[in-house]
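Letter by letter, the chains look like this.
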Amino acid sequence: MTLFRLLDANANRAAEAARTLEDAARFLLGDASLSAPLKTLRHDLAQAVQALGPLHVARSAATDVGAEVHTAEQGVRGSTYEVAAAATQRLQQALRVLEEFAKTAPPPGPAAALQVEQLRYRAYDLGRDLLTRLGSSRRRQWRLCVLLTESACTQRPWSEVLDACVEGGADCIQVREKHLSDPELLERLAVVRARAQRHATPPAVVLNDRVDLALAAGVDGVHLGQHDLSAEQARRITGHQLLIGVSTTDLDQARAAHDAGADYVGLGPMFPSSTKAKPRIAGPDYLRAYLTHRAAGRLPHLTIGGIDLGRAHMLAEAGAQGVAVCAAVCGAADPRAAVEALVQAMGEPMSEQAPGNAGSLKDDAGTGAQGPAS
């Protein structure tokens, strides 16, 4: 009975973790390509455990000596990513324990152990894919990102514009200086980061294009264009140290960024811009299409391209949750007032994940490993 009790505990632990991951893929990401195989894994686990016999007869939560043992980390989850990461580890560990001890059970225990081994290998890949698509634990929806470019600061020095952005409530400062040498750019990033940190709620600091210098400078993220490293390649280099943003001009690019684990996407250009000429204007129709996309539309986003205060209001009415601007702030006579007005135009800040339609909340009728479905 003690062996059955151990097997039952780990079977339920694995099933609960698998359900947590399945629901993250299903409801947080709206991603059928992940939720379907996670659901299949959960049901395959139930079948493997069922072959071991009625494990539930040995269940006794009231006499479990480990039930009251807790760690500080168990009571805190800072983000949905951390929830999924903990569930991924729990699933893999429970499957390993189940596999090893099933080998000692009477037949068909060894055969069930082989099934669980294959489930464990599947769990490794599915957990990796889910965590990649969830992105950084610090992912959130920004209302205003200012593309800080010294040449665009025509009314005030760039350092004064920076202070105005921080004090005015910008969520993100993206440093975009393509003509500085690497040492000069690192020095610029150090200044931006130090001044941002003075504020009680410091904005994120993101560097344009350069993954290597973003890591070296210790900033929050890197923003990539379509001709830079892909989000997947950048993630291999940075792990989850950096937030990763990707510029997109259509849904195919947005889907690719989502699948590669980007933390947010730039949508645009919304309008013609004097800052950076573009051969094609995606326009607000792209924003509307993005917001209705089941999977990609759940990533935080920043609309970009020719945005001033009036256009920010227009985009907010169309559903935009964030904007990225350059000239509207950097070239303003009063950049702090410009920042405050743009922040107000975008309304209240969103939670870490942008909302979207993930399908019905109706539960399926599948059962867990010897336990009730919930």
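The coordinates are above.
Residues numbered from 1 in each chain as written. Predicted model: local features only at pLDDT ≥ 70, side-chain atom pairs only at ≥ 80, totals over all residues. Heavy atoms only, no water.

> Any chance you could explain the sheet that holds strand β3 (residues 204-208) here in plain terms?
Backbone hydrogen bonds hold the strands of a sheet together, and the pairing may be parallel or antiparallel. Reading around the circumference, β1-β2-β3-β4-β5-β6-β7-β8 is the order of the 8 strands in this closed barrel, with parallel pairing throughout. Each neighbouring strand pair of the sheet contributes to a mean axis angle of 25°, computed without reference to strand direction. Strand direction decides the pairing type here: strand β1 (residues 144-148) and strand β8 (residues 323-325), joined by 3 bridges, are parallel. Note on β8: the bridge partner recorded for Leu-144 is Val-323. (Pairing = 2+ DSSP bridges. Helix = DSSP H or I, 4+ residues; strand = E, 2+ residues; numbered from the N terminus. Axes fitted to C-alpha atoms, helices over the stretch in contact; angles between N-to-C directions.)

> Before we go on, may I ask you to explain the side chain of Glu-177 in this structure?
Mapped onto the elements, Glu-177 comes out in the loop between β2 (172-175) and α6 (182-196). Looking at Glu-177, the relative accessible area reads 14%, which means it is buried. Of the polar contacts made by the side chain of Glu-177, one reaches the backbone nitrogen of Glu-150; its length is 2.5 Å. If near-sequence neighbours (up to four positions away) are discounted, Glu-177 is found in contact with Leu-148, Thr-149, Glu-150, Leu-185 and Arg-188. (Buried < 20%, exposed > 50% of the residue type's maximum accessible area, 1.4 Å probe, protein only. Polar contact = N/O pair within 3.5 Å; in protein donor to acceptor, adjacent residues only side chain to side chain. Contact = heavy atoms within 4.5 Å.)

> Any chance you could explain the packing of helix α2 (residues 32-50) against helix α4 (residues 109-134) here in plain terms?
Helix-helix packing is described using two parameters, namely the angle between the two axes and the distance between the axes. Their axes nearest at 10 Å, the elements α2 and α4 cross at an angle of 160°. With respect to their mutual orientation, α2 and α4 come out roughly antiparallel. Helix-helix and strand crossings are classified by hand; for α2 and α4 the assignment is left-handed. Facing Ser-33, Leu-34, Pro-37, Leu-38, Thr-40, Leu-41, Asp-44, Leu-45 and Ala-48 of α2, the residues of α4 in contact are Ala-112, Gln-115, Val-116, Leu-119, Arg-122, Ala-123, Leu-126, Asp-129, Leu-130 and Arg-133. Split by residue class, the contact of α2 with α4 holds 12 nonpolar, 3 polar and 4 charged. (Parallel < 35°, antiparallel > 145°, perpendicular 65-115°, else oblique. Left-handed = near helix turned anticlockwise from the far one by under 90°. Nonpolar A, V, L, I, M, F, W, Y, C, P; charged D, E, K, R; others polar.)

> Hey, could you run me through α4 in this one?
Turn by turn, an α-helix covers 3.6 residues, leaving residues three or four places apart pointing in a common direction. With 26 residues, α4 should cover 38 Å at 1.5 Å per step; its first-to-last C-alpha distance of 36 Å lies within 8% of that length. Just downstream of α4, Gly-135 is the residue with a positive phi angle, here 75°. (Expected span 1.5 Å × (residues − 1).)

> In this structure, what is going on with the nonpolar core? I would like to understand it.
As a rule of thumb, nonpolar side chains are buried together in soluble globular proteins. Membership of the largest hydrophobic core comes to 71 residues, with the highest contact counts inside it found for Leu-144, Val-146, Leu-148 and Val-329. When residues no more than four places from it in sequence are discounted, the contact partners of Val-146 are Cys-165, Ala-170, Cys-172, Ile-173, Gln-174, Val-325, Val-329, Cys-330 and Val-339. Counting residues in each nonpolar core, the second largest holds 37 residues, with Leu-45, Ala-48, Ala-85 and Ala-113 among its members. (Core = buried A, V, L, I, M, F, W, Y, C linked by side-chain atoms within 4.5 Å.)

> I tried to follow the packing of helix α11 (residues 309-317) against helix α13 (residues 335-345) on my own but got confused; where do I start?
Closest axis-to-axis distance for the α11/α13 pair is 9 Å, and the angle between their directions is 15°. The orientation of α11 relative to α13 falls into the category roughly parallel. The handedness of the crossing between α11 and α13 is right-handed. In contact with Leu-309, Ala-312, His-313 and Ala-316 of α11, α13 contributes Ala-341, Leu-342 and Ala-345.

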